[in-house]
Amino acid sequence: MYTAHPDRYAQMPYRRTGRSGLKLPALSLGLWHNFGPDRPVETQRAILRRAFDLGVTHFDLANNYGPPPGAAESALGEALKADFAGYRDELVISTKAGYLMWPGPYGEWGSRKYLLSSLDRSLQRMGLDYVDIFYSHRPDPDTPLEETMGALHSAVQQGKALYVGVSNYSAEQTREAARILGELGTPLLIHQPRYSMLDRRPEEEGLLDALDELQVGSIVFSPLEQGLLTSRYLDGIPEDSRAASDSPFLNTDAVTGELVGKLRALDETAKSRGQSLAQLALAWVLRGGRVTSALVGASSPRQIEDNVATIANLDFDEDELARIDAIVKG
């Protein structure tokens, strides 16, 4: 029988999400990879337990996470039943809908029919009555935003979600989503964009500015760029790496000689701060408190420990930030 560590809240900083009363840990656990039938169940449960023991109270999912789609939610459901039945009120659990889940015209995107049907299936897989945050995973070019946001509002009204969010929306789309939700009486809590030292679109395209103005929180995915911003690629492409696999998210073409040179220079900057490259990358997205939380994945409890150690040094001086910019922008 699992008993959570008594000091689990001693070190992790918790940040207020936008103007809401909900606080998220600086680091949250994403179940995008490593939570499917190809991974040992005990390893999955060990990762979740170690994360919670270290103060990581937020587990982030989507209906299509696995593989196969739905597997991550099912895995979390089993872990909740086995290990976390007595800790539900200490957890923030989120899920999303937007990508393909079943055949036919009602199995993806942003219609009311799809979103609410998907949420019901997600709750069944996880064995939950509600999720803390329900996201529209991507904007739908063929569905009015009023319908998509109305479905999120309905999820809250039905007691199946406490808060709502959006992911992969532009600054303009986010502003309009926030306006519609505000009129309905269900505030937009949070946005989940892709953001890292190597991918600065949320800065460059005005999304972070929009979130500041709207007082909406942010939780960033891929802060380690699918593993590029770790020590794995400092000497090229390892045979057992994601880039060497058939992953649609990272391939060998992305790991150029120029990029490896930048990674090595960033690694030297990390060492000067007493951090690993991954810790530097996580600290960078969390700098200044503008980002509420950073999502990390893990294939072992040790990875969780290494990532959480980032919180020991989240501050940068101007010279360090200038050096990082010079390396990345070349």
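Residues numbered from 1 in each chain as written. Predicted model: local features only at pLDDT ≥ 70, side-chain atom pairs only at ≥ 80, totals over all residues. Heavy atoms only, no water.

Caption draft 1: Helix α11 (residues 318-329), seen in detail. Under the 1.5 Å per step criterion, the end-to-end length of α11 is 16 Å for twelve residues, consistent within 8% with the ideal 16 Å. Burial in α11 covers these residues: E320, I324, I327 and V328. Projected down its long axis, α11 shows its buried positions confined to an angular sector of 90°, all on one face. Opposite the buried face of α11, at more than 90 degrees from it, the exposed residues are E318, D319, A326 and K329. A distance of 3.1 Å separates the backbone nitrogen of D319 from a side-chain oxygen at the start of α11, and that oxygen is part of D317. Just beyond α11, the residue with positive phi is G330, at close to 65°. (Helix = DSSP H or I, 4+ residues; strand = E, 2+ residues; numbered from the N terminus. Expected span 1.5 Å × (residues − 1). Buried < 20%, exposed > 50% of the residue type's maximum accessible area, 1.4 Å probe, protein only. Arc of directions from axis to C-beta. Polar contact = N/O pair within 3.5 Å; in protein donor to acceptor, adjacent residues only side chain to side chain.)

Caption draft 2: How the structure looks around the environment of K262. Along the chain, K262 turns up in helix α8 (residues 257-272). Classification of K262 as buried rests on a relative accessible area of 18%. Looking at K262, its side chain comes within polar contact range of the main-chain oxygen of V328, at 2.9 Å.

Caption draft 3: Representation of the environment of P223 in the model. Turning to its location among the elements, P223 is positioned in the loop between β9 (217-220) and α8. The spatial distance from the C-alpha of P223 to the C-alpha of M197 is 7.5 Å, given a sequence separation of 26 residues. Non-local contacts of P223, meaning those with residues more than four positions away in its chain, are made with Y195, S196, L229, A281, L282, V285, A294 and L295. (Contact = heavy atoms within 4.5 Å.)

Caption draft 4: Main features of the layout of surface pockets. Of the volumes computed, that of the second largest pocket is approximately 240 Å³. Lining the second largest pocket are N168, Y169, S170, A171, H191, P193, R194, R201, P202, E205, L207 and F221. By residue class, the composition of the lining of the second largest pocket is six nonpolar, three polar and three charged. (1 Å grid on protein atoms, 1.4 Å probe; cavity = no way out; pocket = protein on both sides within 12 Å on 5 of 7 lines; lining within 4 Å. Points joined across faces, edges and corners; volume = space filled by probe spheres on them. Nonpolar A, V, L, I, M, F, W, Y, C, P; charged D, E, K, R; others polar.)

Caption draft 5: Representation of the packing of aromatic side chains in the model. Considering all chains together, one arrives at ten aromatic pairs under this definition. For the pair Y9 and Y14, a centre-to-centre distance of 6.0 Å together with 55° between the ring planes defines the contact as tilted. For Y9, a relative accessible area of 40% translates into the label partly exposed. Accessibility expressed as a relative area gives 25% for Y14, which makes it partly exposed. Between F59 and F84, the ring centres sit 5.9 Å apart and the planes meet at 75°, which makes this aromatic pair edge-to-face. Within this pair, whereas F59 is found in strand β4 (residues 58-60), its partner F84 is found in the loop between α2 (71-83) and β5 (92-97), the two being separated by 25 residues in sequence. An identical accessibility class is assigned to F59 and F84; each is buried. Taken together, Y2, F52, F59, F84 and Y87 form an aromatic cluster joined through their ring pairs. (Phe/Tyr/Trp six-rings, centres within 6.5 Å; stacked < 30°, edge-to-face > 60°.)

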